[in-house]
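Topology and contacts: notes
Below are the chains, spelled out letter by letter.
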Amino acid sequence: CLNLIMTQFSPGKAMTAFFVFFFPILIYLGYWQISRGMEKQVVVDRHFNNKSLPTIEEVQLSGLENNLTEYRSIRLNGSYGEETYILDNRLYRQEAGYEVFTKFQTIENNTFLVNRGWISKENFDFKEISSLNGVITAQGILSPFNRFGLDLTSPALNTSWPKYVQELDYETAKSDLGLSLSNFVLQLSAGSVGSLEPIWKPTEVKPSRHYGYAVQWFGLAIVLLFSFIFFGFKGKEK
């Protein structure tokens, strides 16, 4: 019976080559999206669990394991510096604006970069938002210093502050602000001094979206498989 079916199945060389090339790619992309979704779910779960824990002070940081530091609420006492990154091309609610990152020097002599939030280009006035003097308390969530923004062009050389950037990463910031820079960014809470509009999320893409993409890739693979079978038998009839 199997031999009879095989003798009737003749999709042709072109269709076979097309199927052999694209089918594994579609399956791979589906599994890759599932993997990305699972990774994002770990981040979302850790963010949800750790942000609900009691707020800590700076002196408690050294005694915490890394998985209990990420996405933890913290209070830092210190002062803002003049060093500020203006991250361009940050759309929020269909409006163009900036995210503002400012150096924060704590009374424990540690250096953090603080994401103060988003401000529209229309309302942006650097002199107004940079007038932050004296020792203050900054409260927010510690997030890993991953890349912020995306620059697909050659980065422009900025030598003066504030620096307008399309992308901000830890190595660049450490080169500018010193080796003592923490590898965590303080995502400033709305009620803190110097706060703008918080828009930060632990992941840009939700896990459910990755799973949705996976369904699409697997769906295309199924369509390709049935098309291959259909043309195989139809070709033999001709």
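First things first, this report covers the structure right here in the doc. (Residues numbered from 1 in each chain as written. Predicted model: local features only at pLDDT ≥ 70, side-chain atom pairs only at ≥ 80, totals over all residues. Heavy atoms only, no water.)

1. Comments concerning the overall build of the protein chain
In terms of regular secondary structure, the protein chain is built from 6 helices and 9 strands. Its C-alpha atoms give the protein chain a radius of gyration of 26 Å, clearly above 18 Å, the size a compact globule of 238 residues would have. Based on the C-alpha atoms only, the size of the protein chain along its principal axes is roughly 85 × 40 × 30 Å. Counting every position in the protein chain, which comprises 238 residues, the buried fraction comes to 37%. Residue pairs at least 24 apart in sequence account for 69% of intrachain contacts in the protein chain once pairs closer than 6 positions are excluded. Taken as a whole, the protein chain presents about 14,400 Å² of accessible surface, with 57% of it coming from carbon and sulfur. Averaging the coordinates of the 22 positive side-chain charges in the protein chain and doing the same for the 23 negative ones gives two points 11 Å apart. (Helix = DSSP H or I, 4+ residues; strand = E, 2+ residues; numbered from the N terminus. Rg over C-alpha atoms; globule rule 2.2 N^0.38 Å. Buried < 20%, exposed > 50% of the residue type's maximum accessible area, 1.4 Å probe, protein only. Contact = heavy atoms within 4.5 Å. Areas by Shrake-Rupley, 256 points an atom, 1.4 Å probe, with all protein chains shown as cover. Lys, Arg positive; Asp, Glu negative; His and termini not counted. Charge placed at Lys NZ, Arg CZ, Asp CG, Glu CD.)

2. Here's the deal with the pairing of strand β4 (residues 111-120)
Counting buried positions over the 10 residues of β4 gives 10, a clear majority of the element. Hairpin remark: strand β3 (residues 97-106) followed by β4, antiparallel, with 4 residues in the connecting loop; positive phi at N109, about 65 degrees. For β4 and strand β9 (residues 181-188), the ladder comprises 4 bridges, and the chain directions are parallel. Across the sheet, L113 pairs through a bridge with V185, a residue of β9. (Pairing = 2+ DSSP bridges.)

3. Digging into the side chain of N115
Among the structural elements, N115 can be located in strand β4. Its relative accessible area of 3% is what places N115 among the buried residues.

4. Observations regarding the nonpolar core
Ranked by size, the top nonpolar core spans 15 residues in total, and within it I74, Y80, F104, L142 and L186 carry the most contacts. When contributions to this core are tallied by element, the ones reaching two or more residues are β2 (73-87), β4, β5 (136-144) and β9. Those residues within four positions of I74 in sequence are excluded, and the remaining contacts are T55, I56, E57, E58, L61, A138, Q139, G140, L142 and L186. Core analysis: the next-biggest nonpolar cluster, separate from the first, contains 13 residues, Y85, L87, L113 and V165 among them. (Core = buried A, V, L, I, M, F, W, Y, C linked by side-chain atoms within 4.5 Å.)

5. Re the side chain of T106
For T106, the location among the structural elements is in strand β3. By relative accessible area, which is 5% here, T106 ends up buried. Here T106 is in contact with E58, L76, N77, G78 and F112, once residues within four sequence places are set aside.

6. A look at the packing of aromatic side chains
As enumerated under the stated definition, the model contains 15 aromatic pairs in all. Aromatic pair F19 and F23: ring centres 4.9 Å apart, planes at 25 degrees, arrangement stacked. Remark: F23 and F19 occur in helix α2 (residues 13-51); sequence separation between them is 4 residues, near one turn of the helix. Given a relative accessible area of 23%, F23 falls into the partly exposed group. Arranged with centres 5.0 Å apart and planes meeting at 55 degrees, the rings of F101 and F148 form a pair that is tilted. (Phe/Tyr/Trp six-rings, centres within 6.5 Å; stacked < 30°, edge-to-face > 60°.)

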